[in-house]
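Here is how the chains run, residue by residue.
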Amino acid sequence: MTRFFAWFALIFGCLYFLLPLVGMTEFSLKMRRGEYSFDAYRRVFEDQRFWDTFGYSLALSAATIVVGVLLVVPTAYWVRLKLPQARPFVEFVTLLPLVIPAIVLVFGYIRLYNTSSVLPLTGSAFGTDFLLTMGYTTLALPYMYRSVDTGLRTIDVATLTEAAQSLGAGWITILARIILPNVMVAVLSGAFLTLAIVLGEFTMAALLNRPAFGPFMQLLGANRAYEPPALAVIAFAITWGCMGLMQLVTRLSKHERAKA
Amino acid sequence: MAKDTVRRARRRLPLEWLGILPFAIFAVLFLILPTMRIVIGAFQTADGSFTFQNMLDLNTPSIVNAYWTSIKLSLITAGLGCAIGFAMAAAVVFGGLPKGVRSPLLTFSGVASNFAGVPLAFAFIATLGPAGLITIWLRTEFGINLRGMGFNLLSFWGLVITYLFFQIPLMILIIIPALDGLKREWREAAAVLGATGAQYWRMVALPILFPSLLGTFALLFANAFGAVATAFALTGPQLNIVPIKLFAQIRGDVLGNPNLGFALAFGMIVITVIANTIYIVLRVRSERWLK
């Protein structure tokens, strides 16, 4: 009886999840009348805007990951080593992006950093890119922080620091050559998640008027029939790739630990 | 050792706190100040003086309707997401399914919970839209006309079906570790004392799981409440929910009053803060009970 319900729940769930994937794949192949073809994909790849926006979003993801790592690793390390009393504050801040919707946050950015403000970031393309990167860093903050903090829990931060200090290492050496390599797996899995979040992000990029991949997909969706499902297949493959890489680094590291 | 660190930290307080200064500056500039700007703006007139008028102005049929639709959408997708996600997770953990099912389900949930936004809308349009796979299949094979039956993907219920695609996997990801935490001994102890399966669930397992269930519910609620991209790509600016209204307001001041836009955003903050506070208070209470 239990098993019957279990199979029912599983099959029902799988149908719900698989049908849209089948639907988008099938639709994306139907561009040519009467036969399946990759025409929609060819159209997408021939579109210069696809490459431009995709490249832009990729560059922004890289910047977001760098900023996120530089921000989170030293902070999480410092909180663990010297400032355990700051933990509630830091954890509260890292949870804020889950509480405040992204659209509200970007609304605040636009009002706070507009051209008539003290810090007119939205006045230039570079300033807006900077603002967008900071926005993406906040979106990724909860995941990045949790990942790195869990990684730090598995190593003995205090002993490693003292050992490095007695060998004459400064703070930057300790962070870059001792702590970072030890939490590399956590950092990488946070980085791949950030990549998955940033690549397709729509709201912040659209409202800051930047030529990112998310707004491009939306624009194409409003004007074309067969390219959007092709884009959806591509986006799904990218998300799958990011998650796969995340699992891969975790599994590889477990292997190494087991051997050691 | 922990005590020692704390004592040392107290003696040289300012220097130690410098270590999290970059983080604090980042938080102030890109999280706290922008939020404060919205909150303050919601209580200001156009020339900057204090007012409650913006709050009162929210009380128009269109805005109230938008909030009501958003809250309903978030409650329904969070509730269904929790129920279906729980059923699937319980099926995998307790249902006696082959062991090989579990790992692919977790991997897939990780992917699906992140497959939100614009592409998700495309996937559902290609499946349940006017020319979608299922729509056409039902029409040609069974003569069932979904549209004729009143179903429209670009509507409230269409949005519910689409949102579930990321809500259910999120529930699965969070609840499977909690289900794993239920010890076999508890079930055996309950059985020894004569409890039926239903009694075990009602009196032992569910009270233990309650904080995680409720926490996930709050998380899913906030997740749906703040989502813009999926709804926007699916229905365009026409569906009257708060995030879409705010999106249009930020783009082009459709309400004709910038400060009313602040009030609209402030309302969103209030609702997500309430959801998260309920979660935290109840979790603390249930954890105390668990000890």
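## Structural notes on the packing of helix H11 (residues 213-223) of chain A against helix H7 (residues 118-128) of chain B
In contact at an axis separation of 9 Å, H11(A) and H7(B) are set at 25° when each is read in the N-to-C sense. In terms of orientation, H11(A) and H7(B) fall into the roughly parallel class. Every residue of H7(B) that contacts H11(A) at Gly214(A), Met217(A), Gln218(A) and Gly221(A) is listed here: Val118(B), Pro119(B) and Phe122(B). Counted by class, the contact of H11(A) with H7(B) contains four nonpolar, three polar and no charged residues.

## Some remarks on the interface of chain A and chain B
Interfaces are often sized by the accessible area lost when the parts come together. Contacts between the two partners involve 75 residues from chain A and, on the opposite side, 76 residues from chain B. Interface of chain A and chain B: buried area, both sides summed, is about 6700 Å²; carbon and sulfur atoms make up 82% of it. Ranking the residues of chain A by area buried against chain B places Tyr16(A), Phe17(A) and Phe107(A) at the top, with a combined share of 10%. The tally of links between chain A and chain B comes to zero salt bridges. Applying the counting criterion to the chain A and chain B interface returns eight residue pairs in polar contact (both at pLDDT 80 or more). For the side of chain A that touches chain B, the leading source of residues is helix H1 (residues 2-28) of chain A, giving 18 residues.

## What about helix H11 (residues 197-225) of chain B?
If you check H11(B), its first and last C-alpha atoms are just 36 Å apart, much less than what 29 residues at 1.5 Å a residue would give, namely 42 Å. Of all bends in H11(B), the biggest is about 50°, found at Leu206(B), and the proline Pro207(B) comes one to four residues later.

What counts and how
Residues numbered from 1 in each chain as written. Chains lettered and ligands numbered in written order. Predicted model: local features only at pLDDT ≥ 70, side-chain atom pairs only at ≥ 80, totals over all residues. Heavy atoms only, no water. Axes fitted to C-alpha atoms, helices over the stretch in contact; angles between N-to-C directions. Helix = DSSP H or I, 4+ residues; strand = E, 2+ residues; numbered from the N terminus. Parallel < 35°, antiparallel > 145°, perpendicular 65-115°, else oblique. Contact = heavy atoms within 4.5 Å. Nonpolar A, V, L, I, M, F, W, Y, C, P; charged D, E, K, R; others polar. Buried area = accessible area lost by both parts, 1.4 Å probe. Salt bridge = Lys/Arg side-chain N within 4 Å of Asp/Glu carboxyl O. Polar contact = N/O pair within 3.5 Å; in protein donor to acceptor, adjacent residues only side chain to side chain. Expected span 1.5 Å × (residues − 1). Bend = angle between axes of the 7 residues up to and from the residue.

Just geometry here; none of it tells us what the structure is for.
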